[in-house]
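What follows is each chain in one-letter form.
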Amino acid sequence: EVARRVPGLRTYKLMRGRPMAAIYAGTGSRYTPHFDCVGGDNGRVITCIIYLNPFWRQGDGATLKLWPEARSLHPSGPCREVEPYHGRLAAFLCDSRNLHEVSPIA
């Protein structure tokens, strides 16, 4: 269903991959800018993040920051910020696009 609705996925054969769990514990914990896949190196095409943190409040940090126009590990172009509200789903194409990071925990 997703591949039919997202033009950028129509040429891919999608299959389930191994999930990755990330826990950011402790002040200053973060994830530096990165791409989840570069040139198909690991087969990932789309990244889906579900936030399971019912006690998160603004000011806690851990905001997902995306730079859709960046083509290197240096953030450039407009930044999109996604606050990690409990139950929120963030999904984005990830093969050599959508540079992203998780801002430090406050």
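Look up a bit, the structure's there.
Read on for a plain summary of the structure. (Residues numbered from 1 in each chain as written. Predicted model: local features only at pLDDT ≥ 70, side-chain atom pairs only at ≥ 80, totals over all residues. Heavy atoms only, no water.)

This part covers the overall build of the protein. Across its full length, the protein holds 1 helix and 6 strands. Computed over C-alpha atoms, the radius of gyration of the protein comes to 14 Å, within 12% of the 13 Å expected from 2.2 N^0.38 for 106 residues, which places it in the range of a compact globule. Seen through its C-alpha atoms, the protein measures out along the principal axes to roughly 40 × 30 × 20 Å. Taking all 106 residues of the protein together, 29% fall into the buried category. Within the protein, contacts between residues separated by at least 24 positions form 75% of all contacts whose residues are at least 6 apart in sequence. (Helix = DSSP H or I, 4+ residues; strand = E, 2+ residues; numbered from the N terminus. Rg over C-alpha atoms; globule rule 2.2 N^0.38 Å. Buried < 20%, exposed > 50% of the residue type's maximum accessible area, 1.4 Å probe, protein only. Contact = heavy atoms within 4.5 Å.)

Put simply, the largest pocket is a space of about 1400 Å³. Met20, Thr47, Cys48, Ile49 and Ile50 are the residues nearest the centre of the largest pocket, which is lined by 37 residues in total. Put simply, the parts of the chain that give the lining of the largest pocket at least two residues each are β1 (31-34), β2 (46-50) and β6 (99-102). Among the elements that line the lining of the largest pocket, the one with the most residues is β2, at 5 residues. In terms of residue class, the lining of the largest pocket is made up of 24 nonpolar, 7 polar and 6 charged. (1 Å grid on protein atoms, 1.4 Å probe; cavity = no way out; pocket = protein on both sides within 12 Å on 5 of 7 lines; lining within 4 Å. Points joined across faces, edges and corners; volume = space filled by probe spheres on them. Nonpolar A, V, L, I, M, F, W, Y, C, P; charged D, E, K, R; others polar.)

Okay, the packing of aromatic side chains next. By the definition in use, this model includes 2 aromatic pairs. For the ring pair Trp56 and Tyr85, a centre distance of 5.0 Å and an interplane angle of 90° mean the geometry is edge-to-face. Of this pair, Trp56 sits in the loop between β2 and β3 (64-67) while Tyr85 sits in the loop between β4 (80-82) and β5 (89-93); the two residues are 29 residues apart in sequence, bridging distant segments of the chain. Residue Trp56 is classed as buried on the basis of its relative accessible area, which comes to 9%. (Phe/Tyr/Trp six-rings, centres within 6.5 Å; stacked < 30°, edge-to-face > 60°.)

The next thing to look at is the sheet that holds β6. Strands sit in the order β1-β6-β3-β4 across an open sheet of 4 strands; the sheet is antiparallel. Of all strands in the sheet, those with a lone pairing partner are β1 and β4, marking the two edges. Averaged over all adjacent pairs, the angle separating strand axes in this sheet is 15°, with direction ignored. Sheet analysis places β3 next to β6, joined by 4 bridges and oriented antiparallel. (Pairing = 2+ DSSP bridges. Axes fitted to C-alpha atoms, helices over the stretch in contact; angles between N-to-C directions.)

Before going further, it helps to spend a moment on the pattern of salt bridges. A complete count under the given rule lists 1 salt bridge for this structure. Arg30 is the salt-bridge partner of Glu101, the closest N and O atoms lying 2.8 Å from each other. Taken as a pair, Glu101 in strand β6 and Arg30 in the loop between α1 (2-5) and β1 lie far apart in primary sequence, 71 residues in all. (Salt bridge = Lys/Arg side-chain N within 4 Å of Asp/Glu carboxyl O.)

Another aspect to go through is the environment of Val38. Its place among the elements puts Val38 in the loop between β1 and β2. Separated by 12 residues in sequence, Val38 and Ile50 have C-alpha atoms that sit 22 Å apart. With sequence-adjacent residues up to four places away left out, Val38 is seen in contact with Asp95 and Ser96.

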